[in-house]
Amino acid sequence: MTELLRLEKIRKTFPGVLANDDVDLSIEQGEIHALLGENGAGKTTLMNCVYGLYRPDSGKIFWKGKEVSVHQARDAIALGIGMVHQHFMLVPPLTVAENVVLGLPLPREPLLDLSAVEKEVQQTGERYGLLVNPKAQIWQLPVGVQQRVEILKALYRKAELLILDEPTAVLTPGEVEELFKVLRSLANQGISIIFITHKLEEVMALCDRVTVLRNGRKVATVNTSDTNTRELAKMMVGREVFLDIKKPDLMPGEVVLRVKNLSALDNRELPAVKSVSFYIRRNEILGIAGVDGNGQTELAEVLFGMRKATNGTVEVLGYDVTNCSPLEIINRGVAYIPPDRQHTGLLLDFTITENLIGKSYYKLPLSKNGIFQSRPIAEFAASSIKKFDIRTPGPDLKVKLLSGGNQQKVVLAREMSGNPALVIAAQPTRGLDVGATEYVRNQMVEARNTGAAILLISTELEEILTLSDRIAVMYEGEIVGIVPAKGADIHEISEMMAGVLRVGDLTAMDI
Amino acid sequence: MKSKNRLWILWREFLERSFSIAIPVAAIMAAFLVSGFIILAWGSSPMAAYTALFSGAFGSISGIATTLQRLTPLVFTGLAVAYGYRGGFFNIGAEGQLYMGAIAAVWFAITFPNLPSWLLITLCIFASGFMGLVWVLLPAYLKAKRGINEVLTTLLMNYIAIQYFEWVIRVDHIQEGILLFGGVEPIWTFQNWLGIKDATQPHPKSAFLVDAAHLPTMKSLLESNLFSSLFGGAEWYKELLGITAFGRISLAPLLALLTALVIFFVMFKTVTGYRSRAVGINPEAARFMGINVPRTLFVTALISGTLAGLAGGMEVLGTQHRVIPNFLVNAGFDGIPVALIGQLHPLGVLLSATFFGALRAGANKMQVITSVPIAVVYIIQALAIVFAIAGTTVDIGANLKKKRLAREVSEQKLEPAKEEVANA
């Protein structure tokens, strides 16, 4: 087989983040190559560099053996690279043919003659099994068919390499089967495909080779025939334990959170949390492990009243708080560290002080009859900044000017300020550097030691193993097993994360 | 290293803050500059025109009185838009709320003319604010509970208010005491609540408000017993009494100033303002903090509507003392650029309203002296708005930060926090 595309030492940085660290990649003609990695591993960034949406800081791109420079998407299209983004780039009121030809010269310019285009769309569709009515308007089509239009668009532009960014995320299982059929037929006819995903079974079912990325670095490229989901899971989540967290053995106390048969839907109204049951006690950290996108985020949102539970109950300290408002749940002593501090955790345009008082601003002594009391607020902010070691020249700095680690400390300071009974921490160290990560983890353990119950959601297995007292694994919205962390078998957990193993709740007991 | 870093961060913060003032100032300067070329093309001297404009606005007591009269409603509508905008409720409906506020104040003053002056004025002010609030209720509800875009609803409410106003002032009112056919009492709007003299003439007027409903002026203050007994004999006092322009400087600008200070306080020093701003910045994050987002949006909208209603009341009680068709054209819509040029800050609104008010006040003199048409001030105004909006896209502060971070990354300082830990 001949090599179609080769990347050498691609490096891309964003403000404060190293997204791709000298990544090499080689794609052969007619192969389906998976790019596997967690969210934030740098898969999409790498492909955006290939497609000309980003310019790499350094590194070389070779196309059919020749070095090329791709400055914009137009260059990539001219070479024969097509990309189907996670969010489709289609114009809903226009027809399929109109979308396909958008931006290209027409046979009879300046007249809009679509009949030739429609014919060609029809022919291409028949050739690859991508049947779409070229006269249909996009908005009328189901998502799976819209995706075919995106693929047709690339093929119409004579693409030899097709990049698909998490194409199955929006599809139903039936549509996924259809898509796989189409992709195999494309590959048989010599078109190469890069398939971005974090789903292991898709890699095994569809792809010839797989390149695993972790934290912006390439871990390995292997043939799918030489590997299995367990090994891929291990490569994907990594397992080096590089931080030393001291965690004393403690007797867990009373049950703080009890969840029974909880179910909820995701934003697409599909079941995301499926009849989940567990409990957490005082002085205990329950880690929820799982590959990203298996319902963990939705679970956290349901617990905090941000998402409706369709079934089941949530009890905090004996009170039923199912489908209560976030404020009521906060008032029961629940703190929430959201997974995305920039969008949901903080008000970036507020000052540090204004963010710090976010949970207690309406209570004495910070405000009296609805009026802010400057001195108590200043003292509160100063003590939080000191206690949580927030590095800033002053309390009136806007939070957006802080580094990621210090921003997360502001979230921690705000959430921990009321000595919560239950802390829900979703991806609390995502995107943080080593120092800040260690700090955040120590705070979690500190809160546990002083009597809080902690629900830790993390896609980093290493973090779960380091911090948890018990580990629950989520797979496709279900808890497939709960095991004590002490003596937990990492292989067993990897297998549960990959959905190939189920164990009962080894920690279940009547409390 | 550490102290240098600290100074550098403070310097960046200072830059970011000063840019928020520099952008509108630069926009206004640029507007004057570009309009200067238009005046040149007209065949006049821009310097002469601007001198006349400035002296018309600030060069005499009469000019200052006019400037104050013009800026007062703009302060209220500017505050209405600024508070709403900060709270995530973009109130385009200040115009309609203002008309309804004016009708309410006039109606109240005409209906209860015998109340003591202080009480009548207070209640008229309340009536205008309340009517502004009522006029924003529907858009507020639709936005908060149903998520319907407030820009559309408030805009459409304007037309209802303006047409209602036109109708009220032009409808051929039935004489009081006369019943409709079959002895039916005339419905509310058919009665002549506003004391319209002759609705058929081209420029119908409401009745002139009783003196008790006029806001006190500088003149009335000087003529009061206290002042005349204190300074009755003094020469300068008699001179001051002779200045008629003092009769046009009412309490309204002072109330506008006070309102701006109150809104500043509410915005930055109260729980209400904190919630409003939090929802305006990021409703999702506000929800995570436990803020009731719909309720907060509703309150924000009501505050905004009340402020716009007050604009109408102040104009009627302080300046015109009656309503006529087009009595305050566009003061509501102009609240939007006033707020934007004022950087959505209550004190910034004061300054930008002064700029807008001065332009209007000085325009006449400019036309008389230099024969540059009044329309030029609207060109200046429009250009200032365009430049100010263009300026806000140049977020220099954020750009500085981006560049710095990019540099740090390329210099391999990927873990600044770790480095700081080592230094500390």
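Residues numbered from 1 in each chain as written. Chains lettered and ligands numbered in written order. Predicted model: local features only at pLDDT ≥ 70, side-chain atom pairs only at ≥ 80, totals over all residues.

A. Region of interest: the overall build of chain B. Each helix and strand counted, chain B has 18 helices and zero strands in total. With 424 residues in all, chain B has 45% of them scored as buried. Look at the contacts in chain B between residues 6 or more apart in sequence, and 78% of them connect residues 24 or more apart. (Helix = DSSP H or I, 4+ residues; strand = E, 2+ residues; numbered from the N terminus. Buried ≥ 20, exposed ≤ 12 C-beta atoms within 10 Å, placed from the backbone. Contact = placed C-beta atoms within 7 Å.)

B. Fine view of the overall build of chain A. Within chain A one finds 17 helices and 22 strands. Scaling as 2.2 N^0.38, a compact globule of 511 residues should have a C-alpha radius of gyration of about 24 Å, and chain A matches this with 25 Å. Expressed as lengths along the three principal axes of its C-alpha atoms, the size of chain A is roughly 75 × 50 × 45 Å. In chain A, once contacts between residues fewer than 6 apart in sequence are set aside, the share between residues at least 24 apart is 67%. (Rg over C-alpha atoms; globule rule 2.2 N^0.38 Å.)

C. A look at the domain arrangement of chain A. The domain architecture assigned to chain A consists of domain 1 (3-237), domain 2 (268-333 + 422-511) and domain 3 (346-417). Relative to domain 3 of chain A, the C-alpha centre of domain 1 of chain A lies at a distance of 44 Å. (Domains from an automatic or database assignment.)

D. How the structure looks around the packing of helix α3 (residues 61-86) of chain B against helix α15 (residues 346-370) of chain B. Residues and elements named next belong to chain B. Packing of α3 against α15 brings their axes to within 7 Å, and their N-to-C directions diverge by 140°. Relative to α15, the element α3 lies oblique. In terms of crossing hand, the pair formed by α3 and α15 is right-handed. Counted together, G63, T66, T67, R70, L71, L74, V75, G78, L79 and A82 of α3 and P346, V349, L350, S352, A353, T354, F356, G357, A358, R360, A361 and G362 of α15 form the full contact between these two elements. (Axes fitted to C-alpha atoms, helices over the stretch in contact; angles between N-to-C directions. Parallel < 35°, antiparallel > 145°, perpendicular 65-115°, else oblique. Left-handed = near helix turned anticlockwise from the far one by under 90°.)

E. Quick look at the confidence of the model for chain A. The predicted model of chain A averages 87 in pLDDT, with 95% of residues at 70 or higher. Averaged over each element, pLDDT in chain A is lowest for helix α8 (residues 229-237) of chain A (80) and highest for strand β20 (residues 453-457) of chain A (95). (pLDDT = per-residue confidence, 0-100.)

F. Structural view of helix α17 (residues 490-497) of chain A. Residue and element names in this part refer to chain A. Taken as a whole, α17 has its buried residues at I493, S494, E495, M496 and M497. In the core, the buried residues of α17 are packed alongside α8, β13 (284-289), α16 (461-467), β21 (470-475) and β22 (478-484). Immediately downstream of α17, the backbone of G499 shows phi near 80°, a positive value.

G. Up close: the sheet that holds strand β8 (residues 192-197) of chain A. All names here are of chain A. Sheet architecture is open: six strands sit in the order β6-β7-β8-β3-β9-β10, paired in mixed fashion. The open sheet has two free edges, formed respectively by β6 (81-84) and β10 (217-223), since each of these has just one partner strand. Between one strand and the next, the sheet's axes are offset by a mean angle of 15°, whatever the strand orientation. Pairing geometry for strand β7 (residues 161-165) and β8, over five bridges, is parallel. (Pairing = 2+ DSSP bridges.)

H. Expanded view of the pairing of strand β14 (residues 309-316) of chain A. Residues and elements named next belong to chain A. Examined bridge by bridge, strand β11 (residues 255-265) and β14 share six bridges and lie antiparallel to one another. Of the residues in β14, the one forming a bridge with K260 is T313. The antiparallel hairpin formed by β14 and strand β15 (residues 319-320) contains two residues in its connecting segment, where L317 sits at a positive phi of about 50°.

I. Expanded view of the nonpolar core. Membership of the largest hydrophobic core comes to 264 residues, with the highest contact counts inside it found for A:I163, A:I424, A:L456, A:V473 and B:I103. Dropping the residues within four chain positions of it, A:L456 is found in contact with A:I285, A:L286, A:G287, A:I288, A:A425, A:M444, A:I464, A:L467 and A:S468. (Core = buried A, V, L, I, M, F, W, Y, C linked by C-beta atoms within 7 Å.)

J. Region of interest: the environment of B:L347. All names here are of chain B. Within the secondary structure, L347 sits in helix α15. Judged by the 14 C-beta atoms lying within 10 Å of it, L347 falls in the partly exposed class. Along the backbone, L347 and L79 are 268 residues apart, and their C-alpha atoms lie at a distance of 9.3 Å.

K. Region of interest: the sheet that holds β14(A). Residue and element names in this part refer to chain A. One open sheet accounts for four strands, arranged β12-β11-β14-β15; its pairing is antiparallel. Two strands in the sheet have a free side with no partner beyond their single neighbour: β12 (271-281) and β15. The sheet strands contacting helix α9 (residues 296-303) are β11, β12 and β14, and the helix crosses β12 at an angle near 65°.

L. Representation of the pairing of β11(A) within the structure. Residues and elements named next belong to chain A. The pairing of β11 with β12 spans seven bridges and is classified as antiparallel. What sits directly across from L262, in β12, is V276. Where β11 folds back on β12, the antiparallel hairpin that results is connected by five residues, among which E269 adopts a positive phi of roughly 65°.

M. Representation of unusual backbone geometry. Residues and elements named next belong to chain A. Residues L364 and P365 are joined by a peptide bond in cis, for which omega reads 0°. Despite not being glycine, E476 shows a phi value in the positive range, around 50°. Checked against the element boundaries, E476 lands in the loop between β21 and β22. Under the C-beta neighbour-count criterion, E476 is labelled partly exposed, with 14 such atoms within 10 Å.

N. Structural detail: helix α4 (residues 94-111) of chain B. Counted at 1.5 Å a residue, the expected span for α4(B) with its 18 residues is 26 Å, and the 25 Å between its end C-alpha atoms agrees. Of all the 18 residues making up α4(B), 16 are buried; the element is thus mostly covered by neighbouring parts of the structure. (Expected span 1.5 Å × (residues − 1).)

O. Here's a closer look at the environment of A:R441. With respect to the element layout, A:R441 can be found in helix α15 (residues 434-449). Along the primary structure A:R441 and A:I245 are separated by 196 residues, whereas in three dimensions their C-alpha atoms are 7.7 Å apart.

P. Summary view of the packing of α3(B) against helix α13 (residues 293-320) of chain B. All names here are of chain B. Viewed as axis vectors pointing N to C, α3 and α13 meet at an angle of 175°, and their least axial separation amounts to 7 Å. Taken together, α3 and α13 sit at an angle that is classed as roughly antiparallel. Facing Q69, T72, P73, F76, T77, L79, A80, Y83 and G84 of α3, the residues of α13 in contact are T300, A301, I303, S304, L307, A308, L310, A311, M314, E315, G318 and T319.

Q. Representation of the confidence of the model for chain B within the structure. Confidence along chain B averages 85 in pLDDT terms, with 83% of residues attaining 70 or more. Between residues 409-424 of chain B, whose pLDDT stays under 50, and residues either more than four places distant or in other chains, the model counts 27 contacts.

R. Inspection of the environment of A:L131 at higher detail. All names here are of chain A. Secondary-structure assignment places L131 in the loop between α4 (115-128) and α5 (143-156). Its 11 C-beta neighbours within 10 Å are what place L131 among the exposed residues. Put simply, L131 and Y279 are 148 residues apart on the chain and 50 Å apart in space, counted from C-alpha to C-alpha.

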